[in-house]
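Here is what each chain is made of, one letter per residue.
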Amino acid sequence: MRKFIWLNPVVNEMYGKETLEKHLAEKGYEPVFCREDHIAAVKEKYRSALDKAHTYVADVRCPMAADYIKEVYSPDFLEFPPIEPILLHCARELHERLSCQGVLWIITPCKALADMGNNIGLPETRFCTWKEFARLENIQLRGKALDESPIPPGFFLGHEEQAVVLDNREKIDFYFSEPSRKAKKGMVELLYCSGGCHHGDGV
Ligand code: SF4
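Residues numbered from 1 in each chain as written. Predicted model: local features only at pLDDT ≥ 70, side-chain atom pairs only at ≥ 80, totals over all residues. Heavy atoms only, no water.

Enquirer: If you had to explain the environment of Ile-69 to someone new, which residues and values would you point to?
Expert: With respect to the helices and strands, Ile-69 occurs in helix H4 (residues 63-72). Separated by 104 residues in the primary sequence, Ile-69 and Asp-173 have C-alpha atoms spaced 8.6 Å apart. The residues contacting Ile-69, other than those within four sequence positions of it, are Ser-74, Pro-75, Leu-78, Phe-80, Ile-172, Phe-176 and Leu-190. (Helix = DSSP H or I, 4+ residues; strand = E, 2+ residues; numbered from the N terminus. Contact = heavy atoms within 4.5 Å.)

Encoded structure:
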């Protein structure tokens, strides 16, 4: 049974692509890569969601942030579009291409994305954080601290005129605690970990 593995960009950046590939090859894993531009595809889906929206559209790429806001604030001026995170778009492409050839591992930067991936139930596909995977396979590598995420805050800037960037829990709390917020159209970018996924609980 072949073992394929897709590493998210944060892991590649923190641990070094070549070092990772060497360790993974020793354990019998074959790194795989996407052929489609899922970043552009996801941006396009948000653009279309914003066109149809009557008020603000939430960025739901980060499940922790979206769930937290729904649970704590349930704002009536925010729509949550049914758009999957980029990582799930990658997983679906790879699953389609590699199905019946082996097991596909998708390595996430946090437990929330791993749980979300496992919940969609793609056959022969497992989602887990890098920390979990390294423990399972006994890979001991020291990652370097990154100053910024490979997909930094500002995902929607330059494309949408009105984009609010809330890239940590404190900013989210501050923004949603304001009692009255005028309903108008725009994007609200949301990241739970400070500055993005390089501070996730799985890397
Ligand atoms: S790593 Fe943090 S910011 Fe990135 S998706 Fe997970 S919870 Fe959100």
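Having put the structure on the table, let's press on.
Enquirer: Explain the site of the ligand to me, using residue names and the numbers behind them.
Expert: Near the ligand the following residues occur: Cys-62, Met-64, Cys-110, Leu-113, Tyr-192, Cys-193, Cys-197 and Gly-200. Class assignment of the residues belonging to the shell around the ligand gives a composition of 7 nonpolar, 1 polar and no charged. (Near = heavy atom within 4 Å. Nonpolar A, V, L, I, M, F, W, Y, C, P; charged D, E, K, R; others polar.)

Enquirer: Could you give me a rundown of the side chain of His-198, with the residues and numbers involved?
Expert: In this structure, His-198 sits in the segment after strand E8 (186-190). You can call His-198 buried: its relative accessible area is 7%. Every residue in contact with His-198, bar those within four places of it in the chain, is listed here: Val-10, Met-14, Leu-146, Asp-147, Glu-148, Ser-149 and Val-203. (Buried < 20%, exposed > 50% of the residue type's maximum accessible area, 1.4 Å probe, protein only.)

Enquirer: Outline the pairing of E8, listing residues and values.
Expert: Extensive coverage of E8 is indicated by the burial of 5 of its 5 residues. Burial of the side chains of E8 extends over both faces: Gly-186, Val-188 and Leu-190 are buried on one face and Met-187 and Glu-189 on the other. As paired strands, strand E3 (residues 56-58) and E8 are joined by 3 bridges and run parallel to one another. Note that in E8 the partner of Ala-58 across the bridge is Val-188. Bridge analysis of strand E7 (residues 163-166) against E8 gives 4 bridges, and the strand direction is parallel. In the strand pairing of E8, Val-164 is matched with Val-188. (Pairing = 2+ DSSP bridges.)

Enquirer: Report on the state of the cysteines, specifying residues and quantitative values.
Expert: Taken as a whole, this structure holds 0 disulfides when the rule is applied. Of all cysteine sulfurs, the one in Cys-34 lies closest to Cys-90, which takes part in no disulfide; the gap is 3.6 Å. Residue Cys-128 stays outside any disulfide, its sulfur separated by 12 Å from that of Cys-110, the closest cysteine. Using a relative accessible area of 3% as the deciding quantity, one classes Cys-128 as buried. (Disulfide = S-S within 2.5 Å.)

Enquirer: Residue-level account of the environment of Leu-78, with values.
Expert: Structurally, Leu-78 is set in strand E4 (residues 78-79). Judged by its relative accessible area of 7%, Leu-78 falls in the buried class. A C-alpha to C-alpha distance of 6.1 Å links Leu-78 and Ala-58, two positions 20 residues apart in sequence. With sequence-adjacent residues up to four places away left out, Leu-78 is seen in contact with Thr-55, Tyr-56, Val-57, Ala-58, Ile-69, Phe-176 and Val-188.

Enquirer: Mind laying out the packing of helix H3 (residues 38-52) against helix H5 (residues 86-98), listing which residues take part and the relevant values?
Expert: Where H3 meets H5, the axes come as close as 9 Å, and the angle between the chain directions of the two elements is 125°. As judged from the angle between their axes, H3 and H5 are oblique. In this structure, H3 crosses over H5, and the sense of that crossing is right-handed. Here His-38, Ile-39, Val-42 and Lys-45 of H3 come into contact with H5, specifically with Ile-86, His-89, Cys-90 and Glu-93. Tallied by class, the residues present in the contact of H3 with H5 amount to 4 nonpolar, 2 polar and 2 charged. (Axes fitted to C-alpha atoms, helices over the stretch in contact; angles between N-to-C directions. Parallel < 35°, antiparallel > 145°, perpendicular 65-115°, else oblique. Left-handed = near helix turned anticlockwise from the far one by under 90°.)

Enquirer: Describe the sheet that holds strand E1 (residues 2-7), with residues and values.
Expert: Taken in spatial order, the 4 strands make up an open sheet running E2-E1-E5-E6, and their pairing is parallel. In this open sheet, the two edge strands, each paired with only one partner strand, are strand E2 (29-31) and strand E6 (125-129). With direction set aside, neighbouring strand axes in the sheet form an average angle of 30°. Of the pairings in the sheet, the one linking strand E5 (residues 102-108) to E6 comprises 5 bridges and is parallel in character.

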